[in-house]
Amino acid sequence: MSPLDEYKKKRRFGSTPEPPPESKRSGSGCSFVVQKHRASHLHYDFRMEHDGVLKSWAIPKGPSLDPAVKRLAMAVEDHPVDYSSFEGIIPEGEYGGGTVMVWDRGTYAVEGPDDVATALDKGDLKFTLHGTKLKGSWVLVRTRNRQWLLIKHRDRYASSNDDITATAPTSVITGRKLADIAADEGGDVEKAASGDQPPPAPPPGKRSAPSATRAARSSRTKKP
Ligand code: MN
């Protein structure tokens, strides 16, 4: 029984461009990646290299820099280490069909006293990220079964007003949005675009339509 058996069983490697189920070590041995994935639902896949594979969690809302915010992280099957450079299209009808972006990437260091295996076993893994977007101290804590929470620790990289998924929405390796990736690589552009963050502010210059102003004025004059 290999740790990548579940990964292998879920995929048809003649049909998906995802990397084959091979265990290996990256150059650093401690890589991490966050992939933005517009499949049936938008989510962010958080993966940390351990023992020749990427331990993986699917985070529906993505990471938050706010230490007061706990983000649900569902443990999913281990992925091959080479998955950290996969950005592209999984064909519709295949497992996870949709557009995948390398949203952040780098290395991590486990924060003692336990090693990664022991910490995963206990369901309490503390680590420091050295990514482009994600930095500093974090914890993954298991609440039950496959359900974990990803939480930012308080440090100089924490922020309660920077929504990092909205302010840094593009690929860290190619600068593309999901829709760009879909357009470049023959994916479903409309579906991919729905995963790109909409502008946070409402359109400017729509504060009061003339009819609304007239209605307000006339209701004032009719007051008894
Ligand atoms: Mn995914």
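No experiment lies behind these values; they were computed from the predicted model shown.

Colleague: Requested: an account of the overall build of the protein, with residues and values cited.
Modeller: Looking only at helices and strands, the protein features 6 helices and 9 strands. Across the protein, the fraction of contacts at a sequence separation of at least 24, relative to all contacts at a separation of at least 6, is 57%.

Colleague: Before we move on, could you go through the pairing of strand β9 (residues 147-152) and cite the residues and values that matter?
Modeller: Sheet topology note: the strand β4 (residues 70-80)/β9 ladder contains 5 bridges and is antiparallel. Looking at β9, one finds that M74 is bridged to Q147. Pairing of strand β8 (residues 135-144) with β9, which is carried by 6 bridges, proceeds in the antiparallel orientation. What sits directly across from R144, in β9, is Q147.

Colleague: Which residues make up the nonpolar core, and what are the values?
Modeller: In this structure, F46, A73 and L150 are the most contacted members of the largest nonpolar core, which totals 34 residues. If you tally residues by element for this core, the top one is strand β6 (residues 98-110), at 5 residues. What F46 contacts, discounting residues up to four positions off in sequence, is V34, W57, I59, A73 and L150.

Colleague: Any details on helix α4 (residues 178-185)? Residues and values, ideally.
Modeller: When we look at burial in α4, the residues that qualify are L178, A179, I181 and A182. Each buried residue of α4 lies within a common arc of 160° when the element is viewed along its axis, so the set occupies one face. Check the buried side of α4 and you find it contacts β1 (31-38), β5 (88-90), β6 and α5 (189-193).

Colleague: Outline the environment of S64, listing residues and values.
Modeller: Following the sequence through the fold, S64 ends up in the loop between β3 (53-59) and β4. Since 21 C-beta atoms lie within 10 Å of it, S64 is described here as buried. For S64 and L150, which are 86 residues apart along the polypeptide, the C-alpha to C-alpha distance reads 8.4 Å.

Colleague: How would you summarise the environment of D155 if you had to cite specific residues and measurements?
Modeller: Within the secondary structure, D155 sits in the loop between β9 and α3 (164-167). Look at D155 and you get exposed, because 12 C-beta atoms sit within 10 Å. Once residues lying within four places of it in the same chain are set aside, the contact partners of D155 are G136 and S137.

Colleague: Please provide a residue-by-residue account of the environment of W148, values included.
Modeller: Topologically, W148 is positioned in strand β9. What makes W148 buried here is the crowd of 25 C-beta atoms within 10 Å. Spatially, the C-alpha atoms of W148 and R71 are 8.3 Å apart, while their sequence positions differ by 77 residues. For W148, the contacting residues outside a window of four places in its chain are W57, A73, A75, L140, V141, R142 and T143.

Colleague: An account of unusual backbone geometry is needed here, citing residue identities and associated values.
Modeller: Note that the residue after G112, namely P113, is joined by a cis bond; omega there is 5°. With respect to the element layout, P113 can be found in the loop between β6 and α2 (116-122). Unlike most non-glycine residues, D51 shows phi in positive territory, near 60°. By the secondary structure assignment, D51 is in the loop between β2 (42-50) and β3. Even without a glycine there, the phi angle at N145 is positive, about 45°. Of note, N145 is situated in the loop between β8 and β9.

Colleague: Could you give me a rundown of the confidence of the model for the protein, with the residues and numbers involved?
Modeller: When pLDDT is averaged along the protein, the result is 91; 88% of the residues meet or exceed 70. Segment residues 206-224: pLDDT under 50, and 1 contact once partners within four positions in sequence are set aside and those in other chains are kept.

What counts and what doesn't
Residues numbered from 1 in each chain as written. Predicted model: local features only at pLDDT ≥ 70, side-chain atom pairs only at ≥ 80, totals over all residues. Helix = DSSP H or I, 4+ residues; strand = E, 2+ residues; numbered from the N terminus. Contact = placed C-beta atoms within 7 Å. Pairing = 2+ DSSP bridges. Core = buried A, V, L, I, M, F, W, Y, C linked by C-beta atoms within 7 Å. Buried ≥ 20, exposed ≤ 12 C-beta atoms within 10 Å, placed from the backbone. Arc of directions from axis to C-beta. pLDDT = per-residue confidence, 0-100.

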